[in-house]
Amino acid sequence: MSQAEQAAARRRERWILLAVLAGLVAVVVVVGGGIGLQAWRTGRAPVAVAEPASPPATISAGQPVTYGAADAPKVVTLFSDFHCPHCAEFHEAYGPVLEQARQVGRIRLEVYPMAFIDAGSTAAANAFGCAAEAGFAPGYYAGLFANPILRWSDAQLLALPAAVGATSTPAFEACVTGRTHAAWVESINAGAGQRGVTATPTVLVDGAVVDVSKLTPDDLAAMINP
């Protein structure tokens, strides 16, 4: 091998070494950033939202959390996961339409909190059941979707009532930390599967599935405000 060829080989070796080192640095940055993101998701406090309270609910296996006038002319059924990005987008776009209709007695909401994305989904769904029992389901529901990036640690779930203008109680706190409604969450998942619900959000109006991919807020308003 000539001196020129040897020099070229050494240059190639240096470039290969630099590329390997750069790759290792990138891995460290990504892993470190991932760890930092998870710590942020777990430790960050939820942002505040404001929604009216609702009467305390009874949590029953396979049954939704229901709020709104019992004699409302329309029933809107929602299958959602609190860590589902599209569910958060749906709530942001259509939540105000649903809440306004609920407040004037036009609809009754049936909420099935599914949990299939991660452990935070399950913890949040359980806590939502606890909030329904405590009488602040609408606000807690809105608060969960207003903070979709959070990990939903127990500390975050316990901080959420204050962020949505509700008053926490020892019973609510014990329900959250003790995962009192874990079996209920599992029953919601099982029931959704039996009904053929394969994606979230799934929305029904008076039992008829709505194609949310083509829906606009005005379309939904027209459906529920005859």
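Just so you know, the residues in each chain are numbered from 1, in the order the chain's sequence is written. Predicted model: local features are reported for residues with pLDDT of at least 70 only, side-chain atom pairs are reported and counted for 80 or more only, and whole-chain, interface and lining totals are derived from all residues. Note that water and hydrogens are dropped before the side-chain values are worked out from all heavy atoms of the structure.

Description of the packing of helix α2 (residues 85–103) against helix α8 (residues 217–224)
Packed helix pairs are specified by the crossing angle of their axes together with the interaxial distance, meaning the distance between the axes.
Then, number 1: Two numbers describe how α2 lies on α8: the axes approach to 9 Å, and their chain directions differ by 20°. Judged by the inter-axis angle, α2 sits roughly parallel to α8. In this structure, α2 crosses over α8, and the sense of that crossing is right-handed. Facing Ala 93, Tyr 94, Val 97, Leu 98 and Ala 101 of α2, the residues of α8 in contact are Pro 217, Leu 220, Ala 221 and Ile 224.
Then, number 2: Think of it as three bins: nonpolar holds Ala, Val, Leu, Ile, Met, Phe, Trp, Tyr, Cys and Pro, charged holds Asp, Glu, Lys and Arg, and polar takes everything else, Gly as well. Among the residues making up the contact of α2 with α8, the classes are represented as 9 nonpolar, no polar and no charged. In this analysis, axes come from line fits to C-alpha atoms, helices being fitted only over the stretch in contact, and the angle between any two N-to-C directions falls in the range 0 to 180 degrees. Think of it this way: any DSSP run of H or I at least four residues long counts as a helix, any run of E at least two long counts as a strand, and we number them from the N terminus. Any angle that falls under 35 degrees is termed roughly parallel, while one over 145 is termed roughly antiparallel, one within 65 to 115 roughly perpendicular, and all others oblique. It is the rotation of the near helix from the far one that decides the hand of a crossing: anticlockwise by less than a right angle makes it left-handed, clockwise makes it right-handed. In this description, contact between two residues means that some pair of their heavy atoms is separated by no more than 4.5 Å.

So, helix α5 (residues 154–163)
Working note: α-helix, 3.6 residues per turn, so residues spaced by three or four point in the same direction.
Then, number 1: Categorising residues by exposure relies on relative accessible area from a 1.4 Å probe, with only protein chains included: less than 20% of the type maximum marks a residue as buried, more than 50% marks it as exposed, and the intermediate range marks it as partly exposed. Along α5, the positions that sit buried rather than exposed are Gln 156, Leu 157, Leu 160, Pro 161 and Ala 163. Buried residues of α5 fall within an arc of 160° about the axis and therefore sit on the same side. Exposed side of α5, more than 90 degrees from the buried face: Ala 155 and Ala 162 are the residues found there.
Then, number 2: After α5 finishes, the residue Gly 165 shows a positive phi value of roughly 80°. For this quantity, the arc is that covered by the directions from the helix axis to the C-beta atoms.

Section: the pattern of salt bridges
Then, number 1: Salt bridge, as used here, is a side-chain nitrogen of Lys or Arg placed within 4 Å of a carboxyl oxygen of Asp or Glu. By the definition in use, this model includes 3 salt bridges.
Then, number 2: Note that Lys 74 is salt-bridged to Asp 206, the shortest N-O span being 3.3 Å. A residue pair is termed long-range when its members are at least 10 positions apart, and Lys 74 in strand β2 (residues 74–81) and Asp 206 in the loop between β4 (202–205) and β5 (208–210) qualify at 132 residues.
Then, number 3: The partner of Arg 102 in a salt bridge is Glu 99, with the nearest N and O atoms 2.7 Å apart. Of this pair, Arg 102 and Glu 99 both sit in helix α2, separated by 3 residues, roughly a single helical turn. Assigned by exposure class, Arg 102 and Glu 99 land together as buried.

Remarks on unusual backbone geometry
Then, number 1: Following Thr 200, the chain continues to Pro 201 via a peptide bond in cis, the omega torsion being 0°.
Then, number 2: Summarising the element assignment, Pro 201 is placed in the loop between α7 (182–194) and β4.
Then, number 3: Positive phi values are uncommon outside glycine, yet Trp 152 reaches one of about 65°.
Then, number 4: If you trace the backbone, Trp 152 turns up in the loop between α4 (137–146) and α5.
Then, number 5: On the basis of relative accessibility, which here comes to 3%, the residue Trp 152 falls in the buried class.

Here's the deal with the packing of α2 against α4
Then, number 1: For the pair α2 and α4, interaxial distance at closest approach is 10 Å and the crossing angle is 155°. As judged from the angle between their axes, α2 and α4 are roughly antiparallel. Like other packed secondary-structure pairs, α2 and α4 cross with a definite hand, here left-handed. When α2 is examined against α4, the residues Cys 87, Ala 88, His 91 and Arg 102 are found in contact with a partner set consisting of Pro 138, Tyr 141, Ala 142 and Phe 145.
Then, number 2: Partitioning the contact of α2 with α4 into residue classes produces 6 nonpolar, 1 polar and 1 charged.

Observations regarding the pairing of β4
Then, number 1: Neither face of β4 is exposed, since Thr 202 and Leu 204 on one face and Val 203 and Val 205 on the opposite face are all buried.
Then, number 2: One requirement defines pairing of two strands: DSSP has to find at least two bridges between them. Strand direction decides the pairing type here: β2 and β4, joined by 4 bridges, are antiparallel. Its bridge partner being in β4, Thr 77 is matched across the sheet by Leu 204.
Then, number 3: Two strands pair when backbone bridges link them, and β4 and β5 are joined in this way by 3 bridges, in the antiparallel orientation. In the sheet register, Val 203 faces β5, and the bridge partner there is Val 210.

Topic: the nonpolar core
Then, number 1: Nonpolar cores are built from buried Ala, Val, Leu, Ile, Met, Phe, Trp, Tyr and Cys residues. Side-chain atoms within 4.5 Å join them into one set. Within the largest apolar cluster, 57 residues are counted, with the highest numbers of intra-cluster contacts made by Val 76, Leu 98, Phe 128, Tyr 140, Leu 144, Leu 157 and Ile 224.
Then, number 2: If near-sequence neighbours (up to four positions away) are discounted, Val 76 is found in contact with Leu 98, Ile 107, Arg 108, Leu 109, Glu 110, Val 203, Leu 204, Val 205 and Ile 224.

Considerations on the sheet that holds β5
Then, number 1: With mixed pairing, 5 strands are arranged side by side in an open sheet as β1-β3-β2-β4-β5. Across the chains shown, the open sheet's two edge strands, defined by having one partner strand only, are β1 (65–68) and β5. This sheet shows a mean twist of 25° between the axes of neighbouring strands, independent of strand direction.
Then, number 2: Along the sheet, α7 makes contact with β1, β2 and β3 (107–114), crossing β3 at roughly 100°.

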